[in-house]
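Structural overview
The primary structure of each chain is shown beneath.
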Amino acid sequence: MTALEIREATAAPEIAYCFPVMRELRPHIASEDELVARVQRQQKQSGYRLIYVEDGGKPVACAGFRISEWLAWSKALYVDDLICLESHRGKGFAEALMRWMEEHARAEGCTQFHLDSGTHRLAAHRFYHRMKLAITSFHFSKSF
């Protein structure tokens, strides 16, 4: 596969353009407008960035991430979201996004790369292992 062009969604129309892909991972986000509002809020609050790749003029894979510093990890890139349309899995789109984020993390002086993945996402876990990520902790949560 030739190198894919990684694009960043910064303005509202670009963010909305990514909605069909993002809703596969985040079905609780009901509309393009809600996605735009959430992304823009996180862009301002925590430096969230949304990147994507296209196939045939449409987005097919997206990743949302932020760079921050933690006491536990030092400076790290944290992947909030990574999703590829079911129809395009296994074709290198998500891998291109992962490799871009890893390169970006190194260029920004990050010493670590992190993401959480739902326990039910076994195919994603196989992909992360193939990308040389290790399971290093448990993530605990509680809903209110």
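Residues numbered from 1 in each chain as written. Predicted model: local features only at pLDDT ≥ 70, side-chain atom pairs only at ≥ 80, totals over all residues. Heavy atoms only, no water.

Before going further, it helps to spend a moment on the pairing of strand β3 (residues 58-70). Taken together, the 7 bridges between strand β2 (residues 49-55) and β3 define a ladder with antiparallel strand orientation. Across the sheet, the residue bridging to Val 53 is Ala 61, located in β3. Adjacent in sequence and paired antiparallel, β2 and β3 are bridged by 2 residues, among which Gly 56 carries a positive phi angle near 60°. Pairing of β3 with strand β4 (residues 74-84), which is carried by 10 bridges, proceeds in the antiparallel orientation. Bridge pairing in β4 links Ala 63 to Leu 82. Between the end of β3 and the start of β4, which pair antiparallel, lie 3 residues. (Pairing = 2+ DSSP bridges. Helix = DSSP H or I, 4+ residues; strand = E, 2+ residues; numbered from the N terminus.)

Grouped together as the largest cluster of nonpolar side chains are 42 residues, with contacts concentrated most on Leu 82, Met 98 and Met 101. Among the elements that line this core, the one with the most residues is helix α4 (residues 93-107), at 6 residues. Ignoring any residue separated from it by four or fewer positions in sequence, one finds Leu 82 in contact with Leu 25, Cys 62, Ala 63, Ala 94, Leu 97, Met 98, Arg 121, Phe 127 and Tyr 128. (Core = buried A, V, L, I, M, F, W, Y, C linked by side-chain atoms within 4.5 Å. Buried < 20%, exposed > 50% of the residue type's maximum accessible area, 1.4 Å probe, protein only. Contact = heavy atoms within 4.5 Å.)

Time to look at unusual backbone geometry. Of note in the backbone geometry, Ser 74 takes a positive phi value of approximately 75° without being a glycine. As for its placement among the helices and strands, Ser 74 is situated in strand β4. Residues other than glycine seldom take positive phi values, yet Lys 132 does so here, at roughly 75°. Relative accessible area serves as the criterion here: at 74%, Lys 132 is assigned to the exposed category.

Take the pairing of β2 next. Residues in a regular strand point their side chains to alternate faces of the sheet. Here strand β1 (residues 7-9) runs beside β2; their pairing, made up of 3 bridges, is antiparallel. Considered in β2, the bridge of Glu 8 is made with Ile 51.

Turning our attention to helix α5 (residues 122-130). The complete set of buried residues in α5 reads Ala 124, Phe 127 and Tyr 128. Angularly, the buried residues of α5 cover 100° about the axis, an arc narrow enough to put them on a single face. The exposed set on the far side of α5, more than 90 degrees from its buried face, consists of Leu 122, Ala 123, Arg 126 and Arg 130. For α5, the secondary structure elements touched by its buried residues are β4, α4 and β5 (112-115). A positive phi of about 75° marks Lys 132, the residue just after α5. (Arc of directions from axis to C-beta.)

On their own, these measurements won't tell you what the molecule is for.
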